[in-house]
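# Topology and contacts: notes
Each chain, written out:
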Amino acid sequence: MSTGDPARPARPDALDAGAGGVLRQPKAVWATAGASVVAFMGIGLVDPILPSIAEGLDATAGQVSLLFTSYFLITAIAMLVTGFVSSRVGGRKTLLLGLALVVVFAGLSGTSGSVGELVGFRAGWGLGNALFVSTALAVIVGAAAGGSAAAILLYESALGLGMACGPLLGALLGDASWRYPFFGTAFLMAVGFLCITAFLKEQPRPARKTGLLDPVKALGHGGLASAAVSAFFYNYTFFTVLAFTPFVLDMSPYRSGAVFFCWGVLLAVFSVIVAPRLQERFGSLRVLGGSLLLLALDVLVLGYGDHTTAVLCTVLSGAAIGVNNTVYTELALGVSDAPRPVASAGYNFVRWFAAAAAPYFAPKIEEWTDARVPFVVAAVTAVAGALVVLVRRKALTKEAEERRPQHAKEDGVTVFAG
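Residues numbered from 1 in each chain as written. Predicted model: local features only at pLDDT ≥ 70, side-chain atom pairs only at ≥ 80, totals over all residues. Heavy atoms only, no water.

### A few points about the overall build of the protein chain
Put simply, the rule is: Numbering of helices and strands starts at the N terminus; helices are DSSP runs of H or I of at least 4 residues and strands are runs of E of at least 2. Three exposure classes are used, based on accessible area relative to the maximum for each residue type with a 1.4 Å probe and protein chains only: buried under 20%, partly exposed in between, and exposed over 50%. Any two residues whose heavy atoms approach within 4.5 Å are treated as being in contact. Residue burial considers only the protein chains on display, and all accessible areas are found by Shrake-Rupley using a 1.4 Å probe.
Secondary structure assignment for the protein chain yields 17 helices and two strands. The proportion of buried residues among the 418 residues of the protein chain is 60%. Considering only contacts within the protein chain whose residues lie at least 6 apart along the sequence, 85% involve residues at least 24 apart. A total of about 15500 Å² of accessible surface is found on the protein chain, and carbon and sulfur atoms cover 67% of it.

This is how it looks when you write it as structure tokens:
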């Protein structure tokens, strides 16, 4: 199979089989993927109700944006813990622990009497989500039919669907009260807890237990470190759009929810359908670099355009974000020789710090300057991510070609390395 870029390894046959191969999965995979949808819904859930939360709790935009900062700061730090925990108690118990924490803290979020309480509860929610999301991909890869390519597509589908439905659910429930979306998420995650309890059997544990610092050590690999640093810059742009744009659009929950639902639909379509085709034709690194530059242009126009232009650019950013998410996931999981859970944890440890930083700094930058400058900064960080890909192209290409052979056994899970 020919590709347009030597950095783009041949994709496994499971991917070429199309949607049919992806859809024929065991119940355990569907249970995990379904719970993953709800987990990702929790990220964008608060988008359409941010102004309502600010009004209900008498808080500023900067204070409310800390809902994202506390969530992702704890998520980033927790990446050092997830492998440590799952390699000792097993994937199934780690998933259930994560889900239980989300149920508790999402429910508590809905009872918050102050923005400080809500920020604190979101931090606990972030810990639970980190335990669940980081383990879910490994579980899906281990249990899915069709190899890791089909599993990654299914995982990205769950991400896209969750990111699309989160704002919609937030808008529908949040129109009555900003508290209801949190209670709704707690209920749906409780259903996910029951489904995984019923359908998912314990997964094989790795032969070697993961240490707390193993994800950091994995970043000593040049290819993985390059992917993580590039993703760090990209995530700053991503979460400027996600966390700051609702205040700029200043729309009702229904309208804001509709905008971010369309954004999420584009994210899902481009992540699952368009990105693989672009990669096959042009190669991963060319696609990633080009998509980052287009995202930079999009957010720049978003910041300087009128309201209608801002709405359109917000929706269109979902296309570039969907492509980027898929390519970055594949790079992180396949560019190094580290076990996939360890490589994923190290990669996420770096990039989620940007997701925590953007919601905090964007409102601050607006206070210091005006509402356009945060988007200028976001455009610069997207370009910085593309420059990392360009400058480190040789390392990424070399290390992508040195991926493990097909059907290599890793952590008791069959991995199709391409």
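### Thoughts on the environment of Val 216
Tracing the backbone shows Val 216 in helix H10 (residues 214-218). When the C-alpha positions of Val 216 and Met 79 are compared, they lie 9.9 Å apart, and in sequence the two are 137 residues distant. Sequence-distant contacts of Val 216, that is, excluding residues within four places in its chain, are made with Leu 80 and Phe 349.

### Some thoughts on the environment of Leu 278
Structurally, Leu 278 is set in helix H12 (residues 253-282). Considering only alpha carbons, one finds Leu 278 and Val 323, 45 residues apart in sequence, at a separation of 8.8 Å. Discounting residues that sit within four places of it in the chain, Leu 278 has contacts with Gly 283, Val 287 and Val 323.

### A look at unusual backbone geometry
Although it is not a glycine, Asp 58 adopts a positive phi angle of roughly 50 degrees. A positive phi is found at Asp 250, a non-glycine position, where the angle reads about 50 degrees. Along the polypeptide, Asp 250 turns up in the loop between helix H11 (222-249) and H12. When its relative accessible area of 60% is taken as the criterion, Asp 250 is described as exposed.

### Observations concerning the packing of helix H13 (residues 284-304) against helix H14 (residues 307-334)
Keep this limit in mind: Every axis in this analysis is a line fitted to C-alpha atoms, fitted for helices over the stretch in contact. Angles between the N-to-C directions lie between 0 and 180 degrees. Here the angle decides the label: under 35 degrees means roughly parallel, over 145 means roughly antiparallel, 65 to 115 means roughly perpendicular, and every other value means oblique. Handedness of a crossing is defined here by the sense of rotation of the near helix relative to the far one, left-handed for an anticlockwise turn of less than a right angle and right-handed for a clockwise turn. All amino acids are sorted into three groups, where Ala, Val, Leu, Ile, Met, Phe, Trp, Tyr, Cys and Pro are nonpolar, Asp, Glu, Lys and Arg are charged, and the leftover types, Gly among them, are polar.
At a minimum axis distance of 9 Å, the contact between H13 and H14 shows a crossing angle of 155 degrees. One way to sum up the angle between H13 and H14 is to call them roughly antiparallel. The crossing of H13 and H14 is left-handed. Here the residues of the contact of H13 with H14 sort into 16 nonpolar, six polar and one charged.

### So, helix H9 (residues 180-199)
Counted only if it meets this: To estimate how far a helix should extend, the number of its residues minus one is multiplied by 1.5 Å.
Helix length check: H9 (20 residues) gives 29 Å between terminal C-alpha atoms against 28 Å at 1.5 Å per residue, within 8%. Among the residues of H9, those classed as buried are Pro 181, Phe 182, Gly 184, Thr 185, Ala 186, Met 189, Gly 192 and Ile 196.

### A closer look at the confidence of the model for the protein chain
Caution applies to low-pLDDT regions: their predicted coordinates should not be interpreted in detail. Rules: Predictor confidence is given residue by residue as pLDDT, running from a minimum of 0 to a maximum of 100.
Overall, the predicted model of the protein chain reaches an average pLDDT of 83, with 88% of residues at or above 70. Helix H16 (residues 373-391) holds the highest mean pLDDT among the elements of the protein chain, 97, whereas strand S2 (residues 413-415) holds the lowest, 31. Note on residues 1-20: pLDDT is under 50 here. Beyond four places in sequence and across chains, it has 45 contacts. Across residues 398-418, where pLDDT falls below 50, the model places 53 contacts with residues more than four positions away in sequence or in other chains.

### Examining the environment of Thr 237
Structurally, Thr 237 can be placed in helix H11. In contact with Thr 237, other than residues within four places in its own chain, are Leu 295, Val 299, Ala 378, Thr 381 and Ala 382.

### Examining a positive patch on the surface
Counted only if it meets this: Any residue with relative accessible area above 30% and no salt bridge may belong to a patch, with like charges joined within 9 Å and the nonpolar Val, Leu, Ile, Met, Phe, Trp and Tyr side chains within 5 Å. What counts as a salt bridge is simple: a side-chain nitrogen of Lys or Arg found within 4 Å of a carboxyl oxygen of Asp or Glu. We treat Lys and Arg as the positive residues and Asp and Glu as the negative residues; His and chain ends play no part in the count. A charged residue contributes its charge at one atom only: NZ of Lys, CZ of Arg, CG of Asp or CD of Glu.
Residues Arg 88, Lys 93, Arg 205 and Lys 209 make up a contiguous surface patch of positive charge. Mapped onto the elements of the fold, Lys 209 is located in the loop between H9 and H10.

### Focus on a nonpolar patch on the surface
A cluster of nonpolar side chains, contributed by Leu 293, Val 383, Leu 387, Leu 390 and Val 391, occupies part of the molecular surface with about 470 Å² of accessible area. Ranked by the residues each element gives to the nonpolar patch, the list is headed by H16, at four residues. Position of Val 383 relative to the elements: it lies in helix H16. The class of Val 383 is partly exposed, set by a relative accessible area of 31%.

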